[in-house]
Amino acid sequence: MAAHNLKHALFCAFITLIISYPILGFDLTSRGTTVVLEGVNTTTSIGVLAAVIIVFLFQYFRDSVMGSLRQLPAINPLANREPMEQSKRLKLESILLTLMIIGALIWPFIASRGAVDLATLVLIYIMLALGLNVVVGLAGLLDLGYVAFYAVGAYTFALLSQYYGISFWFALPIGAGLAALFGLVLGFPVLRLRGDYLAIVTLGFGEIIRILLNNMTSLTGGPNGIGGIPDPTLFGMEFGRRVKEEGNTSFHETFGIAYSGEHKVIFLYLIALVLAVITAIAIRRLMRMPVGRAWEALREDEIAAKSLGLSRTAVKLSAFTIGAFFAGFAGTVFASKQGFISPESFVFLESAIILAIVVLGGMGSQMGVILAAIAVTILPELAREFSEYRMLIFGAAMVLMMVWRPQGLMPMRRIHIELKRQE
Amino acid sequence: MLVLEDVHTHYGKIEALHGVSVEVKKGEIVSLIGANGAGKTTLLMTVCGNPQATSGRVLFQGREITRDLTSNIMRSGIAIVPEGRRVFSGLTVEENLHMGGFFNTKSEIRKSQEHVYELFPRLKEREHQRAGTMSGGEQQMLAIGRALMSKPNMIILDEPSLGLAPLVIKQIFEIIGKLREEGITVFLVEQNAHQALNLADRGYVLETGRIRLHDTGKNLLANPDVQNAYLGG
């Protein structure tokens, strides 16, 4: 056992050395016209050495370290507790939800402008994650190109406003509807695929949309993107200092208050909040309706679902379409918030992050997904000082989560109606 | 009630059924027995339209369903208990049953649910349990119960005794007998030839994609060929 441990620990330490030293230990400096490879200062070398020793020690004493870690009660406080009574849990959940919404409503009036802006981004991610949750969490279709529908929503609004001057409120349903249509179109070719193959095709679709947007320069402006996307208006009241469109009035003049840039930010935040709440409620309802159960049945066993007369086509397409619809929603809000969009906002990494939110939150669980969306969006912002290591921290957090809570933050609980108990 | 006329079925280029004709009359229990790879499951899948017959006709209640979509066939009064049970393991017993009655109204679902619980009191006890955590026999009961939820005129069972203990198999066959008393036509596909033929009004023996023998259950049991091939001599 000990010999095996030693061998393993030596191996891990060696791997650490050959991975980290070439990357950190050398420096390319240009001297005149030539580039010279130099060893870096001693501090870095010592750091690499220290890392190797730490890896070695951890691997060598891993069994005892992990053993004592497991004994710590704080890591998984829910492990030994009985599941809460259904009615009590529901009550707690609704109280929690009410508090969250009240908190979210007060938030923009107490927080700074930057914080409100960030909160709007969080809400956009919540919408995206809730939509993807339908496709991945409920229907069990691994979709790696979800960002494409987000892009469709955003670009629909951007293009409509640029070419036809259509306002946010008209573009919102059009963007969501068009994204849903793309979901439907994508749904057809992938009907027969599942698992890995489905993932690859959706990944490809996501890239196709992005590359199309990048190359259709005459229409979308290509990599330059589209700017000057108008802000939403409130019953014809604009939030800018000066009214841009004829017939509109400005918000600060109508109410006789001093102009402040914050009004616009707060208004956008509130729109995002309302749309996120609508998304959550709509999907919650769908989950409890027959179509929601059909999604789950198809995820659990496709043959059994078919034997009951469910049409695979209809069930899969509905999941894709509804998921895409809410991505379109989020995209429209995003375009309006940024005022400028380019294909760079819709790279594969975005899909990966949204998928990570769904997995971290617990597949199928709405509360979990909302919490994970908040965590995943805010953590990188908090860690701005180490911006170079953001992805590293993100990755480490993922690994830790998967080790300790593979089922996600708040795994999905089966919704069921308690009948009166018979003794 | 169910008629197959000279049905040929292909998997790609390979013909699995070479002109099979089977008839199941209303109120009967008909057993189809055969060895591994004889085409029993293929025959059932052809009835369900997945894969569809390449030639020949399949009629259910006098209507041709040879070219119908699987989902439409399964809603027309046939229910199937698939091989290996295939209950939705993450869903509770009650939810599984509700999936079975997916296309019925709420009051119909409530009624058939009570009926299923009468047939299987065990399922009532496990109502809120996840289906995956139950024993094989209980899952088989659930699979049958789920098929009954759509109030079918005819139920097709694919190897209901697969992987179950002898005592549980006996229970399952008793229940199948009960279904006949309720007026449900039963088409039973089994490797467990003895019990399947004992219960059946009539039986078919399928061998490499062709019907070899066709007789009443009692006669087939007494038939020396059948005894040699399927009943262990």
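Residues numbered from 1 in each chain as written. Chains lettered and ligands numbered in written order. Predicted model: local features only at pLDDT ≥ 70, side-chain atom pairs only at ≥ 80, totals over all residues. Heavy atoms only, no water.

Which residues make up the overall build of chain B, and what are the values?
From N to C terminus, chain B includes 10 helices and 10 strands. Relative to the compact-globule value of 17 Å for 233 residues, chain B shows a C-alpha radius of gyration of 17 Å, a close match. Taking all 233 residues of chain B together, 54% fall into the buried category. For chain B, the accessible area works out to roughly 9,900 Å², and carbon and sulfur atoms hold 49% of it. (Helix = DSSP H or I, 4+ residues; strand = E, 2+ residues; numbered from the N terminus. Rg over C-alpha atoms; globule rule 2.2 N^0.38 Å. Buried < 20%, exposed > 50% of the residue type's maximum accessible area, 1.4 Å probe, protein only. Areas by Shrake-Rupley, 256 points an atom, 1.4 Å probe, with all protein chains shown as cover.)

Explain the overall build of chain A to me, using residue names and the numbers behind them.
For chain A, the count of helices and strands is 17 helices and 4 strands. In terms of its C-alpha atoms, chain A occupies a principal-axis envelope of roughly 85 × 80 × 45 Å. Relative to its full complement of 423 residues, chain A shows a buried share of 42%. Long-range pairs, those at least 24 residues apart, make up 74% of the contacts in chain A with a sequence separation of at least 6. Entry remark: accessible area of chain A is about 23,000 Å², with carbon and sulfur atoms responsible for 67%. (Contact = heavy atoms within 4.5 Å.)

Would you mind going over unusual backbone geometry in detail, with residue names and values included?
All names here are of chain B. For the bond from Asn50 to Pro51, the omega torsion is 5°, close enough to zero to count as cis. Checked against the element boundaries, Pro51 lands in the loop between helix H1 (40–48) and strand S4 (55–60). One non-glycine residue with positive phi stands out, namely Arg86, at about 50°. The phi angle at Glu159 is positive, at roughly 50°, despite the residue not being glycine. Relative to the helices and strands, Glu159 resides in the loop between strand S7 (154–158) and helix H7 (166–181). We classify Glu159 as buried; its relative accessible area is 5%.

Hey, could you go over the packing of aromatic side chains for me, with residue numbers and the actual values?
Residues and elements named next belong to chain A. In total, this model carries 14 aromatic pairs over all chains according to the counting rule given. Judged by centre distance (5.7 Å) and plane angle (75°), the rings of Phe157 and Phe168 are edge-to-face. Pair noted here: Phe157 is in helix H6 (residues 147–164) and Phe168 is in helix H7 (residues 168–190), with a separation of 11 residues, a long-range link. The residues Phe157 and Phe168 share a single accessibility class, namely buried. Aromatic pair Phe325 and Phe326: ring centres 5.3 Å apart, planes at 90°, arrangement edge-to-face. (Phe/Tyr/Trp six-rings, centres within 6.5 Å; stacked < 30°, edge-to-face > 60°.)

Now, about the interface of chain A and chain B: what can you tell me, with residues and values included?
One widely used convention gives an interface's size as the accessible area the parts lose upon coming together. On the side of chain B, 25 residues touch chain A, which itself brings 23 residues to the contact. Summing both sides of the interface, chain A and chain B together bury roughly 2,100 Å²; the carbon and sulfur share of this comes to 61%. Summed over the shared surface of chain A and chain B, the result is 1 salt bridge. Between Arg86(B) and Asp301(A) there is a salt bridge, with the nearest N and O atoms lying 3.0 Å from each other. (Buried area = accessible area lost by both parts, 1.4 Å probe. Salt bridge = Lys/Arg side-chain N within 4 Å of Asp/Glu carboxyl O.)

Go over the nonpolar core with me, naming the residues and quoting the values.
In this structure, Leu128(A), Trp295(A), Ile341(A), Phe346(A) and Ile357(A) are the most contacted members of the largest nonpolar core, which totals 104 residues. At 17 residues, helix H5 (residues 113–138) of chain A tops the list of elements feeding residues into this core. Ignoring sequence-local partners within four residues, the contact set of Leu128(A) consists of Tyr146(A), Tyr150(A), Ala327(A), Ala330(A) and Ile354(A). The next biggest cluster of nonpolar side chains, apart from the first, holds 44 residues, and it includes Val93(B), Leu197(B), Leu220(B) and Tyr230(B). (Core = buried A, V, L, I, M, F, W, Y, C linked by side-chain atoms within 4.5 Å.)

Please provide a residue-by-residue account of the domain arrangement of chain A, values included.
We note that the domain assignment places domain 1 (2–65) and domain 2 (98–404) within chain A. Put simply, the middle of domain 1 of chain A and the middle of domain 2 of chain A, counted by C-alpha atoms, are 41 Å apart. (Domains from an automatic or database assignment.)

Tell me about empty space enclosed by the protein, residues and numbers included.
Residue and element names in this part refer to chain A. Applying the stated criterion to the full structure yields 1 cavity of 30 Å³ or more. The volume enclosed by the largest cavity comes to roughly 40 Å³. Contributing to the lining of the largest cavity are Leu144, Gly145, Val147, Thr202, Leu203, Gly206, Glu207, Phe346, Val347, Phe348 and Ser351. Where the lining of the largest cavity is concerned, the elements lending two or more residues are helix H8 (196–215) and helix H15 (348–361). Split by residue class, the lining of the largest cavity holds 6 nonpolar, 4 polar and 1 charged. (1 Å grid on protein atoms, 1.4 Å probe; cavity = no way out; pocket = protein on both sides within 12 Å on 5 of 7 lines; lining within 4 Å. Points joined across faces, edges and corners; volume = space filled by probe spheres on them. Nonpolar A, V, L, I, M, F, W, Y, C, P; charged D, E, K, R; others polar.)

Summarise the pattern of salt bridges; cite the residues concerned and give the values.
Residues and elements named next belong to chain A. Counting across every chain of the model gives 19 salt bridges over all chains. The partner of Glu300 in a salt bridge is Arg299, and the shortest N-O contact between them spans 3.5 Å. A relative accessible area of 29% means that Arg299 is categorised as partly exposed. In this structure, Glu302 and Lys316 form a salt bridge, with 4.0 Å as the shortest nitrogen-oxygen distance.

Which residues make up the pairing of strand S6 (residues 78–81) of chain B, and what values do they have?
All names here are of chain B. Residues Ile78 and Ile80 of S6 are buried on one face, and the alternating residues Ala79 and Val81, pointing to the opposite face, are buried as well. Where S6 and S7 come together, 4 bridges link them in parallel fashion. Bridging across to S7, Ile78 finds its partner in Met154. (Pairing = 2+ DSSP bridges.)

Describe the packing of H6(A) against helix H14 (residues 312–338) of chain A, naming the residues involved and giving the relevant values.
Residue and element names in this part refer to chain A. Their axes nearest at 6 Å, the elements H6 and H14 cross at an angle of 45°. By the angle between their axes, H6 is oblique relative to H14. Crossing hand, H6 versus H14: right-handed. Counted together, Phe149, Tyr150, Gly153, Ala154 and Phe157 of H6 and Ala324, Ala327, Gly328, Ala330, Gly331, Thr332, Phe334, Ala335 and Ser336 of H14 form the full contact between these two elements. (Axes fitted to C-alpha atoms, helices over the stretch in contact; angles between N-to-C directions. Parallel < 35°, antiparallel > 145°, perpendicular 65-115°, else oblique. Left-handed = near helix turned anticlockwise from the far one by under 90°.)

Run through the packing of helix H12 (residues 290–300) of chain A against H14(A), naming residues and quoting values.
All names here are of chain A. In contact at an axis separation of 10 Å, H12 and H14 are set at 110° when each is read in the N-to-C sense. In terms of axis orientation, H12 runs roughly perpendicular to H14. Across the interface between the two elements, Val291, Ala294, Trp295 and Leu298 of H12 pack against Arg312, Val315, Lys316, Ser318, Ala319 and Ile322 of H14. Here the contact of H12 with H14 is built from residues that sort into 7 nonpolar, 1 polar and 2 charged.

Please set out H8(A) residue by residue, giving values where relevant.
Residue and element names in this part refer to chain A. Taking 1.5 Å of rise per residue, 20 residues should cover 28 Å, and H8 covers 28 Å from first to last C-alpha, within 8% of that figure. Among the residues of H8, Leu198, Ala199, Thr202, Phe205, Gly206, Ile209, Arg210 and Leu213 are the ones counted as buried. Down the axis, H8 shows its buried residues gathered within 125° of arc, on one side only. In H8, the exposed residues that point more than 90 degrees away from the buried face are Asp196, Tyr197, Ile200, Ile208 and Asn215. Contacts made by the buried residues of H8 are with H6, H7, helix H9 (217–220) and H14. (Expected span 1.5 Å × (residues − 1). Arc of directions from axis to C-beta.)

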